[in-house]
Amino acid sequence: MRAADRTIAAMFIAAGVLSLLIWAYLVLARGGFWRIRTAVSAGGAQIIPARIAVIIPARNEADVVGRAIRSLLQQTCQKAVHIFLVDDSSADGTAQAARDAAIIEGQAEKLTVISGASLPLGWSGKLWAMQQGIEHAAALAPDFYLFTDADIEHSPDSISTLVSITQVGAYDMASLMVRLHCHSLAEKLLIPAFVYFFFKLYPPAWIASPRHAEAGAAGGCILIRPAALAQAGGIEAIRQQVIDDCSLAARVKSNGGRVWLGASATTRSIRPYEGFSGIGRMISRSAFSQLRHSNILLVLSMVGMAVTYLLPPFLLFTGHRIVPAALGGTAWFLMVLSYLPVMRLYRLNFLWALSLPLAAVFYVGATFHSAWKYWSGRGGEWKGRIQDPKRNR
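Read on for an overview of the structure.

Rules and cut-offs
- Numbering of residues starts from 1 in each chain and follows the order in which that chain's sequence is written.
- In keeping with the model being predicted, local features are shown solely for residues with a pLDDT of at least 70 and side-chain atom pairs are shown and tallied solely at 80 or more, while totals for entire chains, interfaces and linings include all residues.
- Side-chain measures were taken over the full set of non-hydrogen atoms in the model, leaving aside hydrogen atoms and water.
- Think of it in three bands: with a 1.4 Å probe and only protein chains considered, a residue is buried below 20% of the maximum accessible area for its type, exposed above 50%, and partly exposed in between.
- Only DSSP runs of H or I covering at least 4 residues are called helices, and only runs of E covering at least 2 are called strands; the numbering of each starts at the N terminus.
- Strands are treated as partners if at least two bridges between them are detected by DSSP.
- Working rule for contacts: check all heavy atoms of both residues, and any pair within 4.5 Å makes them a contact.
- Under this scheme, a helix contributes an axis fitted over its contacting stretch, all axes are lines through C-alpha atoms, and angles between N-to-C directions fall in the 0 to 180 degree range.
- Only buried residues count toward a nonpolar core, which is a set of Ala, Val, Leu, Ile, Met, Phe, Trp, Tyr and Cys residues joined through side-chain atoms within 4.5 Å.
- Note on angle classes: values under 35 degrees are labelled roughly parallel, values over 145 roughly antiparallel, values of 65 to 115 roughly perpendicular, and the remainder oblique.
- Take the far helix as the reference: if the near one is turned anticlockwise from it by less than a right angle, the crossing is left-handed, and if turned clockwise, right-handed.
- Any residue that is not Ala, Val, Leu, Ile, Met, Phe, Trp, Tyr, Cys, Pro, Asp, Glu, Lys or Arg is counted as polar, Gly included; the first ten are nonpolar and the last four charged.
- Counting of polar contacts relies on pairs of N or O atoms within 3.5 Å, with two restrictions inside protein: one atom must be capable of donating a hydrogen and the other of accepting it, and residues adjacent in sequence are counted only when both atoms are side-chain atoms.
- Within this scheme a cavity is a closed region of a 1 Å grid, computed over the protein atoms alone, that accommodates a 1.4 Å probe without allowing it to escape, whereas a pocket is open but has protein on both sides within 12 Å along at least five of seven lines; lining residues each have an atom within 4 Å of a point.
- Grid points are joined across faces, edges and corners, and a volume is the space filled by probe spheres set on the points.

**Here we look at helix H2 (residues 65–73)**
Then, number 1: Most of H2 sits out of view: seven of its nine residues are buried.
Then, number 2: For H2, the set of buried residues is Val65, Gly66, Ala68, Ile69, Ser71, Leu72 and Leu73.

**Here's the deal with the sheet that holds strand E6 (residues 173–179)**
Note on sheets: strands pair through backbone hydrogen bonds, and any given pair is parallel or antiparallel.
Then, number 1: The eight strands are arranged E3-E2-E1-E4-E7-E6-E8-E5 in an open sheet whose pairing can be described as mixed. With partners counted over all chains shown, the strands left at the sheet margins are strand E3 (111–115) and strand E5 (152–153), one partner each.
Then, number 2: Both E6 and strand E7 (residues 221–224) contribute to a ladder of three bridges, which runs antiparallel. Residue pairing across strands places Ala174 opposite Leu223, the latter belonging to E7.
Then, number 3: Together, strand E4 (144–148), E6, E7 and strand E8 (259–269) form the strand contacts of helix H9 (residues 244–254), whose direction differs from that of E6 by roughly 155°.

**Considerations on the nonpolar core**
Then, number 1: Core analysis: the biggest nonpolar cluster contains 114 residues, and Ile52, Ile69, Phe147 and Tyr196 have the highest contact counts within it.
Then, number 2: If you tally residues by element for this core, the top one is helix H6 (residues 185–201), at ten residues.
Then, number 3: In this structure Ile52 touches Ala80, Val81, His82, Leu140, Phe144, Leu146, Ile159, Val163 and Leu223, once residues within four positions along its chain are discounted.
Then, number 4: Phe288, Leu291, Ala371 and Tyr374 belong to the second-largest nonpolar core, a separate cluster that totals five residues.

**Looking at the packing of helix H10 (residues 275–290) against helix H13 (residues 356–375)**
Then, number 1: For the pair H10 and H13, interaxial distance at closest approach is 7 Å and the crossing angle is 60°. What the angle tells us is that H10 and H13 run oblique. With respect to the hand of their crossing, H10 and H13 are arranged in right-handed fashion. Here Phe276, Ile279, Gly280, Ile283, Ser284, Ser286, Ala287 and Phe288 of H10 lie close against H13, whose contacting residues are Phe362, Tyr363, Ala366, Thr367, His369, Ser370, Ala371, Tyr374 and Trp375.
Then, number 2: When grouped by side-chain class, the residues that make up the contact of H10 with H13 number eleven nonpolar, six polar and no charged.

**A closer look at the side chain of Ser90**
Then, number 1: Its location among the elements puts Ser90 in the loop between strand E2 (81–87) and helix H3 (94–104).
Then, number 2: Reaching out from Ser90, the side chain makes a polar contact with the side chain of Asp87 at a distance of 2.6 Å.
Then, number 3: If sequence neighbours within four positions are ignored, Ser90 has contacts with Ala58, Arg59 and Asn60.

**Some thoughts on the layout of surface pockets**
Then, number 1: What the second largest pocket holds in volume is close to 360 Å³.
Then, number 2: Surrounding the second largest pocket, 15 residues form its lining, Gln241, Ile243, Ser247, Ser289 and Arg292 being those nearest its centre.
Then, number 3: Secondary-structure elements contributing two or more residues to the lining of the second largest pocket are H9 and H10.
Then, number 4: If you tally residues by element for the lining of the second largest pocket, the top one is H9, at three residues.
Then, number 5: Here the lining of the second largest pocket is composed, by residue class, of six nonpolar, six polar and three charged.

If you want it as structure tokens, here you go:
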């Protein structure tokens, strides 16, 4: 074998070893993120000793908000629930759709609709709406706030389960990654991958452990004690954050609070995504903010994603040598194995687990697009608002 061939062979073997080490770490030492911790039902208890103020920020949500309101009014603990919906300058009849749903359930008195005030400088639209909801709900003296989105259809035991988790585990904040809409080709390819990447970034076991500094939350469904929210500085403390859910969790945990994060197979988002472009916009809204607007972290993350998700199949199919192919194949096997719990959660054929490298390519592109939008002054663009404007340093 020529020296050049030996050098190339050694490089391929080194790449294979690196790939296998990465996946051994992810599977064995990353907090078991891939196991997917699902919330366990509280047993359908009809009464819980707590008052729940549900805060829903809503902007042009008429097509989904009715189902969200009805699901909240059908909770097993519905007597403890009062809903505060903040209509954030909607132009599609969102407020009336919410009122109609409450009337259909015969519980109009359980819904308070708040007309949102003008957005002040320095606030994101969602957080300003949440702040107004909290201010109105304070008169109820609630034991918990539930922050939820207008497109979330809750299972009947959703709130009682979250309350049970916080009370039994003495948590100050608990959140659920709801089951996202997953029916189209684009959704089947990319939405389970979104859940997988999210839990890889925020391993639930580490989130719940006081020994780890990591903190995270899923913003579509967050239960929090008012005292913990106040101790964290309230919503005002994160008023400019694009990734507001994880920012809130970080403040709660850094101030001594305990945080729980899990998934739900029954509480779900009912809003379909608009194909690949719609999912791309969702990722682009916050990806560069997650990287703290750092060009260095952008490059490192893109290289890291390529090495982690593309190198294993590349080594397996290049056919250069049997050893690199075996190392790459083993790494890909671990990748697929770790992805299977998400396939089960979304009731997809296990063969979809083989598509994770393709999903990773899309996410790399969307991350770069997120940076591009930030550089062009349109960072965090969502529903006609720029939420992550470029700032001079």
